[in-house]
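Listed below, chain by chain, are the residues.
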Amino acid sequence: METYDFQFLLSSGRLKDRKAALTIGVFDGTHKGHQKLIERVVDEAEKEKDCISLVITFSINPKPGIPRNIDTIRLREEEIKKMGVNSFVVIDFSPEFSRISASGFIDMITSLCIPRILVVGEDFRFGNPKDSASAYDLDSMFRLRGAQCRVEIEKAILTEGGEKISSTLVRRVIEKGETGCIPNLTGRKYRIDLMPCPFRLGDGFLEISTKSIHQLLPPPGAYDATLLGRNGVLMDGVCRIERDNLLFSSPQGDPYFLEMEKDGVLPDSIFFGERK
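What you see is a predicted model, and the numbers here were worked out from it, not measured in a lab. (Residues numbered from 1 in each chain as written. Predicted model: local features only at pLDDT ≥ 70, side-chain atom pairs only at ≥ 80, totals over all residues. Heavy atoms only, no water.)

### A few points about unusual backbone geometry
Logical step 1: The residue F27 is not glycine, and still its phi comes out positive at about 55°.
Logical step 2: Turning to its location among the elements, F27 is positioned in the loop between strand 2 (19-24) and helix 2 (32-47).
Logical step 3: Residue D50 is not a glycine yet carries a positive backbone phi of 60°.
Logical step 4: D50 sits in the exposed class, given a relative accessible area of 54%. (Helix = DSSP H or I, 4+ residues; strand = E, 2+ residues; numbered from the N terminus. Buried < 20%, exposed > 50% of the residue type's maximum accessible area, 1.4 Å probe, protein only.)

The structure is reproduced here in C-alpha cells:
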C-alpha cells in the first residue's frame, strides 16, 4: 500500500490519470462499519481493469469537540493496509482546509484521480458548515462535472441490540471502561499506540505519562492487557491506568524488561482486554 499526502497528490498529479474506487472518511477506530466500506472499495477496484482502491482519511477528526481520537494515523494505516487497499491518502485538516466548500472538495477529488466509484455511509457529509453537502448530493455533483462516478451509499452495520456501530459508540464503550466489548465493534482489541510516547522501565513495570498518549484512554483502573514490543514480541500482563500514569506489569516482567533495556527494544503498543 502506498501512503500519500492529499495536497502532494493534487500538486504532483501522481494519480490524476488513474481510475479509482474510493471511500472518504475519518475512519477513527476503523470499526466494522468502516471495514464494510473499505472492503466494498477493494472489491469494486478488482472488478475494473487498471483501477486502484483508494482510502482518503483526515489527520485529525473534523468534528468539533473531540480532543482525542480512538486511534492514531499509524494504527489506522496498519489496519487499512491489511484489507488490501492500494493507496492510503491523508488530508491535513488545517484551518484553511476546513473552509473549503462542498463543491470545492468535489473539484479536488476529480482532480486527484479519475473517480469511478465512491462508497460512503449514509451519514457522510463534507464541506464547511456554511456550504456542506450529504452523501445523497454526490451523484448530481459528479454528473455536473462530467465525471462518470457511481456513488454507492452503504447502510450502517448494527449491533445485536440494534444500535448502529459507529465511532461514537466505540468511544462511549471505551469511556465506560468496557474494553472487553470493543472486539464486537471492531473485530480486534482496543490498542493504544506507544510509538510517540516517552517511557520509563522500572522494577518489573513499564511506566508512561498519560499526557503523552494522544488517544482516548479508558477510565482509571486495572485491565487485562498485552504489550507489543517493536521487535514483535508480545507479553501478557496488567495495565493500570492512573490519573497521571499508565503502568504495565507482568508476572514474566523482570527478565523481559531487562532484555528490552539491554537490547534497546522500544514498546510499540498495548492491547486492552477486560477490566479487572
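### Details of empty space enclosed by the protein
Logical step 1: Enumeration over the complete set of coordinates arrives at one cavity of 30 Å³ or more.
Logical step 2: Empty space within the largest cavity amounts to approximately 130 Å³.
Logical step 3: Forming the walls of the largest cavity are 14 residues, and the residues nearest its centre are G29, D71, R188, K189 and R191.
Logical step 4: Where the lining of the largest cavity is concerned, the elements lending two or more residues are helix 3 (73-81), helix 8 (182-186) and strand 9 (190-193).
Logical step 5: Its residues assigned to classes, the lining of the largest cavity shows five nonpolar, four polar and five charged. (1 Å grid on protein atoms, 1.4 Å probe; cavity = no way out; pocket = protein on both sides within 12 Å on 5 of 7 lines; lining within 4 Å. Points joined across faces, edges and corners; volume = space filled by probe spheres on them. Nonpolar A, V, L, I, M, F, W, Y, C, P; charged D, E, K, R; others polar.)

### A closer look at the environment of V26
Logical step 1: As for its position among the elements, V26 is in the loop between strand 2 and helix 2.
Logical step 2: Residue class for V26 comes out buried when judged on its relative accessible area of 17%.
Logical step 3: Sequence-wise, V26 and L15 are 11 residues apart; in three dimensions their C-alpha atoms are separated by 21 Å.
Logical step 4: Not counting chain neighbours up to four residues away, the residues in contact with V26 comprise T57, F58, N61, P62 and R76. (Contact = heavy atoms within 4.5 Å.)

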